[in-house]
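Residue strings, one per chain:
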Amino acid sequence: MKYEAVIGLEVHVQLDTKSKMFTRVPCGFGREPNSLTDCVVLGLPGALPVMNYEAIEKSIKVGLLLGCDIAETCKWDRKNYFYPDMPKNYQISQFDQPICLGGEVEIEMPGETPAVMGKHRNVQLTRIHLEEDVGKLTHYEKDSLVDYNRAGSPLLEIVSEPDLFSPEEVFAYLTSLRNSLVYAGISACDMEKGQLRCDANISVRPEGQQELGTKVELKNLNTISGVKNGVEYEIKRQIRALEKGEEIFQETRRWNPEQKYTTPMRSKEMAHDYRYFPDPDLMPVKINKDWVEKIKKELPEKPFDKQRRFFQEMSLPYSITSALCPDLALCNFFEKANKLANNPQKIANWVVNDLQRELSSKKTDDFQLPIDQSPVSPQNLAELVMLIEKGSISNNVGKELFPEMFSTGKPPSELVKEKGLEVKSDQGEIDSICTQAIEEDQDAAEKFRGGKEGAINALKGRVMKATRGQANPKLVDQTLRRLLS
Amino acid sequence: MSSIEIVDNTVSQLSLLLSEKKLSSFEITQAFIDQTNRVDDRVHAFLHLDEKNFLKQAEESDERRKNGKTKGKLDGIPIALKDVISVEGQPLTAASKILENYISPYDATVTRKLKDAGVIIGGRLNLDEFAMGSSTENSAFGPTHNPWNLDCVPGGSSGGSSAAVAAREVPISLGSDTGGSIRQPASLCGVVGMKPTYGMVSRFGLAAFASSLDQIGPFGKTVKDVSLLLEIISGHDPLDSTSFPREVPAYGSLIEDKLEPSVIGLPKEFFGEGMDQEVRDSVDKVIDFYREQGHKIIEVSLPTTELSIPVYYMIATAEASSNLARYDGIRYTSRSKYSENAIDVYAKSRGEGFGEEVKRRCILGAYGLSSGYYDAFYLRAQKTRTLIREDFNRVFDEVDTILTPTSPTPAFKFGEKSDDPISMYLSDIYTISTNLAGLPAISVPCGFTKNRLPIGMQLIGKAFHESELLSIAHAYDREHNFGCESPQLV
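Description of the structure in this document. In this numbering scheme, every chain counts its residues from 1 along its sequence in written order. All chains are assigned letters beginning with A, and all ligands numbers beginning with 1, in the order in which they are written. Side-chain atom pairs in this predicted model are given and counted only at pLDDT of 80 or more, local residue features only at pLDDT of at least 70, and totals for whole chains, interfaces and linings cover all residues. Heavy atoms from the whole structure form the basis of all side-chain values; hydrogens and water molecules are not counted.

### Topic: the overall build of chain B
Piece 1. The secondary structure content of chain B amounts to 17 helices and 11 strands.
Piece 2. For chain B, the C-alpha radius of gyration of 21 Å lies close to 23 Å, the compact-globule estimate for 490 residues.
Piece 3. By the burial criterion, 65% of the 490 residues in chain B qualify as buried.
Piece 4. The contact definition used throughout considers only heavy atoms, calling two residues in contact when any of these lie within 4.5 Å. Here the contacts in chain B between residues at least 6 apart in sequence split such that 75% fall between residues at least 24 apart.
Piece 5. Accessible area for chain B stands at about 17200 Å²; split by element, carbon and sulfur atoms hold 50% of it.
Piece 6. The sign given to each residue is positive for Lys and Arg and negative for Asp and Glu; His and the chain ends receive no count. Where a charge lies is defined by one atom per residue type: Lys uses NZ, Arg uses CZ, Asp uses CG and Glu uses CD. For chain B, the centre of its 51 positive side-chain charges and the centre of its 66 negative side-chain charges are spaced 3 Å apart. Segments assigned H or I by DSSP are reported as helices when at least four residues long, segments assigned E as strands when at least two residues long, and all are numbered from the N terminus. We compute the radius of gyration from the C-alpha atoms alone; for a globule the expected value is 2.2 Å times N to the 0.38, where N is the number of residues. Relative accessibility thresholds used throughout: buried, under 20% of the residue-type maximum; exposed, over 50%; partly exposed, between the two (1.4 Å probe, protein chains only). Computed by Shrake-Rupley with a 1.4 Å probe, the accessible areas treat only the displayed protein chains as cover when residues are assessed.

### Comments concerning the overall build of chain A
Piece 1. Tallying secondary structure elements over chain A gives 15 helices and 17 strands in all.
Piece 2. Since a compact globule built from 485 residues should have a radius of gyration of about 23 Å, the 30 Å found for chain A marks it as more spread out than a globular shape.
Piece 3. Put simply, chain A has 485 residues, and 51% of those count as buried.
Piece 4. Here the contacts in chain A between residues at least 6 apart in sequence split such that 69% fall between residues at least 24 apart.
Piece 5. Surface summary for chain A: the accessible area is close to 23500 Å², and the carbon and sulfur share equals 50%.

### Observations regarding the state of the cysteines
Residue and element names in this part refer to chain A.
Piece 1. By convention in this document, the label disulfide applies to cysteine sulfur atom pairs within 2.5 Å. Summed over all chains, the structure comprises 0 disulfides over all chains.
Piece 2. Take Cys189: it sits in no disulfide, and the sulfur closest to it among the cysteines is that of Cys198, at 12 Å.
Piece 3. Free of any disulfide, Cys331 has its nearest neighbouring cysteine sulfur in Cys325, separated by 4.4 Å.

### Quick word on the layout of surface pockets
Piece 1. Each pocket or cavity is described by its volume, and for the second largest pocket that value is around 910 Å³.
Piece 2. With a 1 Å grid laid over protein atoms only, a set of points is called a cavity when a 1.4 Å probe fits there but cannot get out and a pocket when it is open yet has protein on both sides within 12 Å along at least five of seven lines; lining residues have an atom within 4 Å of a point. Lining the second largest pocket are 35 residues, with Met283 of chain A together with Ser212, Gln382, Arg385 and Arg389 of chain B positioned closest to its centre.
Piece 3. Sorting the residues of the lining of the second largest pocket by element identifies strand S16 (277–278) of chain A together with helix H14 (375–396) and helix H16 (432–437) of chain B as the ones contributing at least two each.
Piece 4. A total of 6 residues in the lining of the second largest pocket trace back to one element, the largest contributor, which is H14 of chain B. Grid points are joined across faces, edges and corners, and a volume is the space filled by probe spheres set on the points.

### Comments concerning the sheet that holds strand S4 (residues 77–80) of chain A
Picture the strands of a sheet paired through backbone hydrogen bonds; they go either parallel or antiparallel.
Piece 1. Pairing between strands is defined by DSSP: at least two bridges between them are needed. The strand order across the open sheet built from 3 strands is S5-S4-S16 (chain A), with neighbouring strands paired in antiparallel fashion. With partners counted over all chains shown, the strands left at the sheet margins are strand S5 (90–93) and S16 of chain A, one partner each.
Piece 2. The pairing of S4 of chain A with S16 of chain A spans 2 bridges and is classified as antiparallel. Residue pairing for S16 of chain A: Asp77 of chain A is matched across the bridge by Pro278 of chain A.
Piece 3. Geometry is summarised by axes, namely lines fitted to C-alpha atoms with helices restricted to the contacting stretch, and by angles between N-to-C directions that run from 0 to 180 degrees. The strands touched by helix H11 (residues 308–323) of chain B within the sheet are S4, S5 and S16 of chain A, with S4 of chain A carrying the most contacts at an inclination of about 60 degrees.

### What about the pattern of salt bridges?
Side chains that differ in sign of charge can pair as their charged atoms come close.
Piece 1. The salt bridge criterion pairs a side-chain nitrogen of Lys or Arg with a carboxyl oxygen of Asp or Glu, the two atoms within 4 Å. Under the criterion given, the structure shown has 63 salt bridges over all chains.
Piece 2. Lys294 of chain A is the salt-bridge partner of Glu57 of chain A, the closest N and O atoms lying 3.2 Å from each other. Pair noted here: Glu57 of chain A is in helix H1 (residues 53–65) and Lys294 of chain A is in helix H4 (residues 289–297), with a separation of 237 residues, a long-range link.
Piece 3. Overall, the relative accessible area of 40% leaves Lys294 of chain A in the partly exposed class.
Piece 4. The salt bridge involving Lys88 of chain A is made with Glu132 of chain A; its shortest N-O contact spans 2.7 Å. Taken together, the residues span a long stretch of sequence, with Lys88 of chain A in the loop between S4 and S5 and Glu132 of chain A in strand S8 (residues 120–132) at a distance of 44 residues. The same class applies to Lys88 of chain A and to Glu132 of chain A, which are both buried.
Piece 5. Among the ionic contacts, a cluster of salt bridges with common partners joins Arg78, Asp279 and Asp281 of chain A together with Arg203 and Asp240 of chain B.

### Some details on the interface of chain B and chain A
Piece 1. Contacts between the two partners involve 39 residues from chain B and, on the opposite side, 31 residues from chain A.
Piece 2. Between the two partners, chain B and chain A, sit 1 salt bridge.
Piece 3. Asp281 of chain A serves as the salt-bridge partner of Arg203 of chain B, at 3.1 Å between the closest nitrogen and oxygen.
Piece 4. What qualifies as a polar contact is a pair of N or O atoms within 3.5 Å, subject to a donor-acceptor requirement within protein and to the restriction that residues adjacent in sequence count only when both atoms come from side chains. Put simply, chain B and chain A have 19 residue pairs in polar contact (both at pLDDT 80 or more) between them.
Piece 5. Only H11, helix H12 (342–353) and helix H13 (356–369) of chain B provide two or more residues apiece to the side of chain B that touches chain A.
Piece 6. The residue inventory of the side of chain B that touches chain A, partitioned by class, reads 21 nonpolar, 11 polar and 7 charged. Any residue outside Ala, Val, Leu, Ile, Met, Phe, Trp, Tyr, Cys, Pro, Asp, Glu, Lys and Arg is labelled polar, Gly included; the first ten of those are nonpolar and the last four are charged.

### Here we look at empty space enclosed by the protein
All names here are of chain A.
Piece 1. In this structure the tally under the stated criterion is 5 cavities of 30 Å³ or more.
Piece 2. Considering only enclosed or pocket space, the largest cavity measures out at about 180 Å³ in volume.
Piece 3. In terms of lining, the largest cavity is formed by 22 residues, of which the most central are Phe22, Val40, Val41, Lys88 and Glu132.
Piece 4. By residue number, the principal contributor to the lining of the largest cavity is S5, which donates 3 residues.

### Section: the sheet that holds strand S5 (residues 192–195) of chain B
Residues and elements named next belong to chain B.
Piece 1. Strand order in this open sheet of 11 strands is S1-S3-S2-S4-S6-S5-S10-S11-S9-S7-S8, and the pairing throughout is mixed. Pairing within the sheet leaves two strands with one partner each, and these edge strands are strand S1 (46–48) and strand S8 (296–300). Each neighbouring strand pair of the sheet contributes to a mean axis angle of 35 degrees, computed without reference to strand direction.
Piece 2. By the bridge criterion, 6 bridges tie strand S4 (residues 172–177) to strand S6 (residues 215–220) in an arrangement that is antiparallel. Of the residues in S6, the one forming a bridge with Gly175 is Gly217.
Piece 3. Set on the sheet, helix H3 (residues 25–43) makes contact with S1, strand S2 (78–82) and strand S3 (120–125); between it and S2 the angle comes to about 45 degrees.
Piece 4. Against the sheet, H14 engages S8, strand S9 (401–405) and strand S11 (454–460), with an angle of about 115 degrees to S9.

### Section: the packing of H11 of chain B against H13 of chain B
Residues and elements named next belong to chain B.
Piece 1. For the pair H11 and H13, interaxial distance at closest approach is 7 Å and the crossing angle is 100 degrees. In terms of orientation, H11 and H13 fall into the roughly perpendicular class. Contact residues: H11 offers Tyr313, Met314, Thr317, Ala318, Ala320 and Ser321, while H13 offers Arg361, Cys362, Leu364, Gly365, Ala366, Gly368 and Leu369.
Piece 2. Looking at side-chain class alone, the contact of H11 with H13 contains 8 nonpolar, 4 polar and 1 charged residues. Working rule for angles: under 35 degrees goes down as roughly parallel, over 145 as roughly antiparallel, 65 to 115 as roughly perpendicular, anything else as oblique.

### Focus on a nonpolar patch on the surface
Residue and element names in this part refer to chain B.
Piece 1. A cluster of nonpolar residues, Tyr367, Tyr373 and Phe377, forms a patch on the protein surface that exposes about 280 Å² of accessible area.
Piece 2. Tracing the backbone through its elements, the reader meets Phe377 in helix H14.
Piece 3. Its relative accessible area of 32% is what places Phe377 among the partly exposed residues. Patch rule: a residue counts if its relative accessible area is over 30% and it has no salt bridge; like charges are joined within 9 Å, and nonpolar side chains (Val, Leu, Ile, Met, Phe, Trp, Tyr) within 5 Å.

### Regarding the packing of helix H10 (residues 395–408) of chain A against helix H11 (residues 412–419) of chain A
All names here are of chain A.
Piece 1. Following both chains from N to C, one finds H10 and H11 inclined at 110 degrees, their axes separated by 10 Å at the closest point. Classified by the angle their axes make, H10 and H11 are roughly perpendicular. Our pair here, H10 against H11, has a crossing hand that is right-handed. Between H10 and H11, the contacting residues are Leu401, Glu404, Met405 and Thr408 on the first element and Pro412, Leu415, Val416 and Lys419 on the second. Crossings are assigned a handedness: left-handed for a near helix turned anticlockwise from the far helix by less than a right angle, right-handed for a clockwise turn.

### Things to note about helix H12 (residues 427–440) of chain A
The α-helix advances 3.6 residues per turn, and as a result positions three or four apart in sequence lie on the same side.
Residue and element names in this part refer to chain A.
Piece 1. Here, expected helix span is obtained from the residue count minus one, scaled by 1.5 Å. Given a rise of 1.5 Å per residue, 14 residues ought to cover 20 Å, and the 20 Å separating the end C-alpha atoms of H12 matches this to within 8%.
Piece 2. Looking at H12, one finds that the buried residues are Ile430, Ile433, Cys434, Ala437 and Ile438. Along the axis of H12, the buried positions cluster into a sector of 140 degrees, meaning they face one direction only.
Piece 3. The elements touched by buried residues of H12 are helix H13 (442–449), helix H14 (456–466) and helix H15 (473–484). Regarding the arc, it is the one traced by the directions from the helix axis to the C-beta atoms.

### Describing the pairing of strand S7 (residues 104–108) of chain A
Residue and element names in this part refer to chain A.
Piece 1. Within S7, 4 of the 5 residues are buried, which leaves the element mostly enclosed by the surrounding structure.
Piece 2. Bridge analysis of S7 against S8 gives 5 bridges, and the strand direction is antiparallel. From the neighbouring strand, Glu108 faces S8, where its bridge partner is His120.

All quantities given are derived from atomic positions and should not be read as evidence of function.
Pasting the structure below:
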C-alpha cells in the first residue's frame, strides 16, 4: 500500500519591534541574561500589561501580505499553565479571535535543474495570532536556569492548514514564508536566534483516503533543514509503524537533531487544559479601516511578484532571478544600479556573481558582509558596466578591477585613471603591436590566411598580453584582419 | 495641642493647622505614631510601620513648607496603605505567608501620586489574605480588631485600613474594593470609605485579586476628607489600560456647592429579609433626612440582586486563579524547602504559602474555567454580569443615586462566620453588585447600635459621577459627622 503524508505547520515569528509587547523594555538578543526585564516582564505583584501598538501594526501587515482577513477588534486571552519560563504562569495570547484569519503562502517546488523554474502552488493558512514570547530555560545536571530577556517579546503564530504533503513542500513553505516576512521588515527570521520557530503536525494515510490519519505534533525543529529532516523521519516512522500493523498515537514528539530520530514528549492524555479566558487587564483594541488602509500602502512587493516582474520587464533568466529575489537588499541594490546603467542582464550578472563572491569572502563568524555595507555602491557598479559597454575598458579589465573597487571603495573611473587602464584605441599604436604579433607567430598568421578562422585568436591573445588587456578588442580584430588580408 | 487631641482632627482641619503654621507635619506624624503605639497592640491594624522613614518624610514636608514649596493641601498629612499597594522599598505581603519576605521594587501609580502631592506614606495595613474575605480573619499575620469592640471583626478585606482610621492611628488610608472590601469595613468601623468607578483610579501596583472588579479607594473620617484624597489618586494612567482618560474634578471644593433636589432610589430587593433591625432603623432616619432636604425618594427594583453573589464568586475566583498563579515559589515568593522537582516546588510552595480561603478560591476559579465547565460557569456568569449592569442602567434612568445599607449587620464576633463561607459571603450582599456593574459607591457612618457598634449606609452613583455622589453623601455627613466620634480605646 502507498501512503501519503499530510502536514500542517505552526510557525512562530518574533516581531522586530522596538520594545516588548506590553511594556517599554526593549527587545534584544544576546544580552546579559535577565537584563531586559522590568516589573511587567517579571510579573511582579501589581504589574499590568499595556499594549504596544507596533506589534499589532506588524501583525496586520503580515496578514495583509498573506491575504488574510483582518479582525475588527484585537482581543486578548490568558493561556494558563505552570512552567518556569513564564513569570506570570499564564501567557497573554489570542484564543477564539485571532488577529488574522485565512490567507495563503505561495510556494515554489524545486525545478528539474536549478536553471528551471519549479511548480508554484498556494498553501492555505488557518489563522495568525499574536502572543507574548516566554523566557528561555537552560537545563543543567541538577538545576535549571531561566533567562527572561526573551519573555514578553511579541510573537506571531502562523498556523497553516494541513495542506503540505512532503518534506520538500515544508521546506519550500518555510523558505517562502521567511522571504516574505523579511521583505516586509517583520522579523529577521533568524532561526539560530530563535526569531523563527516551527512545530509540525504530521499524519499519514493510505493514498486516496479522504480522512486524515492520527496526528503527531513534532517539536524542537530549530533550523530549516532540521524541519525538513525531522518531518522526513517522522513520516517514515509513521509509515513503518502502519506497515507493521501498529497504531499511531496522538502525542507530541521531539526531534533529536544529533541522533536524527524523534522521541515521545507527552501523550494526548497529558495534554494541558489551558483554561483560556479573556484577559481582564487589557481592553480589546479596535482595528479601523483607515488603519488597515494605511498599512496596506506600506506593503512591499512580494518576492515571487518581484521575480515575475524581473522576467517580464527585464527578461532576466530564471537562474539569475532565483539568486536575486530571495534577498530584498540584493534586489534593491540591483534595481538601483540598473536604474543608472539600464542594462539589467549585465548588472544582474555582476550582482549575483562578482558582488556576491566578494561579499561572502568577507565572512566573519559564518555571516557574510551585508549588502548595505558593500564598499562597491550601486553607482560604482553602474559606472563599471557603462565603462565596459562604451568600450572604455574591456570586460577583462573590468573583472580585474572589481575586487579592487571592493577593497578600496573607489569608483571605477578613478581606478582606471590611476592605473592607466583605459583601452588603447590609438590606431598607430595598435598597428605596430599587431604587426609585431604577426611577426612573432608566423605560424598562426599562415593558418588564418589558409582559411582557419580560429587561428586569429592566438594573435589576439598576443596583442592583449602585450597591452595587458587594454587594447580595444574591436579595433584589434579589425586591424589584424586588415594586416593579414 | 496634645497628641491625643491632634489625632481627632480631620484632614481638612489638619491641613488648616499646617497652613497656619500652628502644627508641623512632624508633630502631626509623631502624634499618629504615638497613638499607634498606644493602641495597635490591641487593634493590630498595622503589619509594618517604619517610624524613622515616616518622620523623615514629615521633616521634608516641613522643609518644603518653610521654603514656600508646599505641593498641595495634603502636603504633610500622614497616610497608610493596605498591604496590597506597592511602595518602593517597602514590604508588600498581601497578608500572605507566600509574600512574607517580598519588598516591592517600584511604586504603584497611586503611591507616586500621593508622593507628588506631598502626602507622607508610612506603614502597611492588615487585610484578609490577598483581599479575600470580609473580616481580616484570613490574614496570615493575625486578624485586626474592631476599635469599637475588640471582640468584633473590623470587616474586610480592608479591615486594617478602616480600623486604623477609626482608631485614630492615621487620618486617612487607602484600601481596595473588589466586592465591598472598602465599604463593608468602613461601615463596621464607623468611618467613610469609597469605591470609585472602575477605571477612575489606576490599578498599576495593586497586587491583583480580581482585575475586572478591583478598585483602589480612600478611607477617612469624613466625606470631605475622602473627597480630598480621591482628587489626588484619580486620573488616567498610561500604565493601566483599564483606566479611563478623564479629567479629575476638584471634588474637595465641588461638594461644598449648593445641592439641587435629586431623586434617590431605594431598591426593594435590598430592604428585604436578613437585615438587622437596628441597621434598618438607622437607614430609615437617613431616608427621612434626605426627604426633609427636598430630595424625592422612590422605590426601585434591581431583580438581579440575588444573582450577584454567585456571579461574583464565579468571576472573581476565575480571575484570581490566574492572577495568583505567579506566586509559585520560583522567583520572589517563599519556596518550600521540601520539594523534589519543579511541579513539586509549585504544589508545596503554594500549599504552604497560601491560606485556606485563598486556596478555596483558586480551586473554585480554576474549576469554573476548565474545559467542559467554562460555558456553564464562567461564560454564564459573564452574561449574567451584563444583565446586572443593565439593571442598574435602567434604574439610573429614573434616579440620581441609590441608597442602601452597606452591610446587613453591624460588626460580628470573631469566629462567628469564619467556619461558614456562605454566610461570610452574604455579608457582602449589598456591596457586590456595584463592583459587577463598575459603579461608584460610598459608605457613610449613619449611627450606632445600642451596643455602640457603628452602622453605615451606602450611596451608589452613576458611572463617573463621583462629584454628584460625593456631594449628596457630604450633605448628610456634614450634618451628622458620625465618623468623627472616637471609640473608647484610651
